[in-house]
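# Summary of the model geometry
Below are the chains, spelled out letter by letter.
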Amino acid sequence: MQKIVPHLWFDTQAKEAANFYASVFPDASVTNVTTITGTPSGDCDVVSFDIMGFSFQSISAGPYFKLNPSVSFMVNFDPSQNSEARKQIDEVWEKLSADGKVLMPLGAYPFSEHYGWVEDKYGVSWQLIYTKPEGEVRPRIIPSIMFVGDVCGKAEEASDFYLSIFENAKRGTIARYPAGSSPDKEGTIMFTDFMLDGQWFAAMDSAQEHWFAFTEARSIMENCGTQIGSDYYWTKLAAVPEAEQCGWLKDKYGVSWQIVPSVMNEMMKGDAEKVKRVTEAFLKMKKFDLATLQAAYNQA
């Protein structure tokens, strides 16, 4: 099971977007749709989908948070693993860029002969990269976190912080901005990747002028098997009390996380009455209480 799952917040388009991604990417499908009722946002669709073996979750919960490029998804097309890689990257780019916004045109760059960064029509940002076949085999999808504005220059500190918290964690590559990279400060992070719970992430600083910052529209779900595990991550990560609700928290860098019992995946696929009881229980919580959720689910 993928322990860390990116979570996307949409106004009303979670099902529509998931179906779109299933039609755009190779090896992609919608895996579950559950509608929860009685929330402050009314009825909400909770949608799970897979892209190239990587799991996502999303929700339609109203126009409260807006997606932006502060967190994007790097998608590796590796010709050593897939002879159709070059063709696929072009096909995926064409579909994602239609009615979207190109942030970096698809073309040749020093780090890749074929790369592009695009924000699709739903506001989700994707970095498509043709991976060098002589390099190390890369994960097919890597969430990438960009530190801008008040947290620009914090990418190394933040990634060190996350590495100190999670198990099965390690640092990968670090590339720093050289002298003369203004407005980026020499020595800050141009690119780094790191593993948390066996899953790769990437991070970078950018001192360019940006109109966005981290938002709850993109959160990171950590699935925990026990209450002890949930308590541990909550204690380590939570830094903004007013942001704590229904398993959500913000860390000291502004990144949103959800600390979720692993069994919630099955609880939210149960019959409508069980889902309703579990929903009513967790809407009253900040940090999830596993025993209370299980009692609500198992109630006769």
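Refer to the structure presented above.
Every value quoted in this text rests on a predicted model; they were computed, and no experiment measured them.

## Some remarks on the packing of aromatic side chains
Per the stated rule, a full pass over the model turns up 29 aromatic pairs. Ring centres 5.6 Å apart and planes at 55 degrees place the aromatic pair F20 and Y21 in the tilted group. Plain terms: the ring middles of F56 and W126 are 6.1 Å apart, the flat faces sit at 55 degrees to each other, and that makes the pair tilted. Placement of the pair is F56 in strand 4 (residues 54–60) and W126 in strand 8 (residues 125–130), with a sequence separation of 70 residues. A relative accessible area of 2% means that F56 is categorised as buried.

## A closer look at the nonpolar core
With 56 residues, the main nonpolar core has Y21, F25, I51, L96, W126 and F282 as its most contacted residues. Among the elements that take part in this core, helix 1 (residues 14–24) stands out by supplying six residues, more than any other.

## Remarks on unusual backbone geometry
Put simply, S182 and P183 share a cis peptide bond, and its omega is 10 degrees. Tracing the chain through its elements places P183 in the loop between strand 10 (170–176) and strand 11 (189–196). Non-glycine residue M52 carries a positive phi angle of around 55 degrees. The exposure class of M52 is buried, given its relative accessible area of 4%. Although it is not a glycine, D99 sits at a positive phi angle of roughly 65 degrees. With respect to the secondary-structure elements, D99 resides in the loop between helix 2 (85–97) and strand 6 (101–109). For D99, a relative accessible area of 70% corresponds to the exposed category.

## Some points on helix 4 (residues 227–237)
The complete set of buried residues in helix 4 reads G229, S230, Y233, W234 and L237. An end-on view of helix 4 places all buried positions within 130 degrees of arc, on one side of the element. Opposite the packed face of helix 4, turned more than 90 degrees from it, sit the exposed residues I228 and T235. The secondary structure elements touched by the buried residues of helix 4 are helix 3 (155–165), strand 13 (218–224), strand 14 (248–250) and strand 15 (256–261).

## Focus on the pairing of strand 15
Most of strand 15 sits out of view: six of its six residues are buried. Taking every second residue as pointing to the same face, both faces of strand 15 are buried, with S256, Q258 and V260 on one and W257, I259 and P261 on the other. Examined bridge by bridge, strand 13 and strand 15 share six bridges and lie parallel to one another. Counted as the bridge partner of S219 is S256 from strand 15. In this sheet, strand 15 lies alongside strand 14 in antiparallel orientation, the contact comprising three bridges. In the sheet register, L249 faces strand 15, and the bridge partner there is W257.

## What to know about the packing of helix 6 (residues 272–282) against helix 7 (residues 290–298)
Where helix 6 contacts helix 7, the two axes come as close as 8 Å, and the packing angle between them is 150 degrees. If you check the angle between helix 6 and helix 7, you find them roughly antiparallel. Where helix 6 crosses over helix 7, the two elements pack in a sense that is right-handed. Across the interface between the two elements, K274, R277, V278, A281 and F282 from helix 6 touch L293, A296, Y297 and N298 from helix 7. The residue inventory of the contact of helix 6 with helix 7, partitioned by class, reads six nonpolar, one polar and two charged.

## Some remarks on the pairing of strand 1 (residues 4–10)
Counting buried positions over the seven residues of strand 1 gives seven, a clear majority of the element. Of the two faces of strand 1, the one holding I4, P6, L8 and F10 and the one holding V5, H7 and W9 are both buried throughout. By the bridge criterion, five bridges tie strand 1 to strand 13 in an arrangement that is antiparallel. Residue V5 lies in a different strand from strand 13, and its bridge partner there is M221. Here strand 1 pairs with strand 4 via four bridges, running parallel. From the neighbouring strand, H7 faces strand 4, where its bridge partner is Q57.

Rules of the game
All residue numbers refer to positions counted from 1 along the written sequence of the respective chain. Residues qualify for local features only when their pLDDT is at least 70, as the model is predicted, and side-chain atom pairs are given and counted only at 80 or more; totals for whole chains, interfaces and linings, by contrast, use all residues. By convention in this description, side-chain values take in all heavy atoms of the structure and omit both hydrogens and water. Any two of the Phe, Tyr and Trp rings considered here, Trp counted by its six-membered ring, make a pair once their centres fall within 6.5 Å; the pair's planes then place it as stacked at under 30 degrees, edge-to-face at over 60, or tilted in between. Under the scheme used here, helices are H or I runs from DSSP no shorter than 4 residues and strands are E runs no shorter than 2 residues, and both carry numbers assigned from the N terminus. Residue exposure (1.4 Å probe, protein chains only): buried if accessible area is under 20% of the type maximum, exposed if over 50%, otherwise partly exposed. Only buried Ala, Val, Leu, Ile, Met, Phe, Trp, Tyr and Cys residues count toward a nonpolar core, and they belong to the same one when joined by side-chain atoms within 4.5 Å. Starting at the helix axis, one direction is taken to each C-beta atom, and the arc is that of these directions. Residue contacts follow a heavy-atom distance rule, with two residues in contact if any of their heavy atoms lie within 4.5 Å. Here, a strand pair is defined by DSSP locating no fewer than two bridges between the strands. For helices, the fitted axis covers only the stretch in contact; all axes are lines through C-alpha atoms, and the angles between them, taken along N-to-C directions, range from 0 to 180 degrees. When describing relative orientation, an angle under 35 degrees is termed roughly parallel and one over 145 degrees roughly antiparallel, while 65 to 115 degrees is termed roughly perpendicular and anything else oblique. Crossing handedness: left-handed means the near helix sits turned counterclockwise from the far one by under a right angle, and right-handed means the same turn made clockwise. Gly is put with the polar residues, along with every residue not named as nonpolar or charged; the nonpolar set is Ala, Val, Leu, Ile, Met, Phe, Trp, Tyr, Cys and Pro, and the charged set is Asp, Glu, Lys and Arg.

Everything listed here is a matter of coordinates, which is why it stays silent on function.
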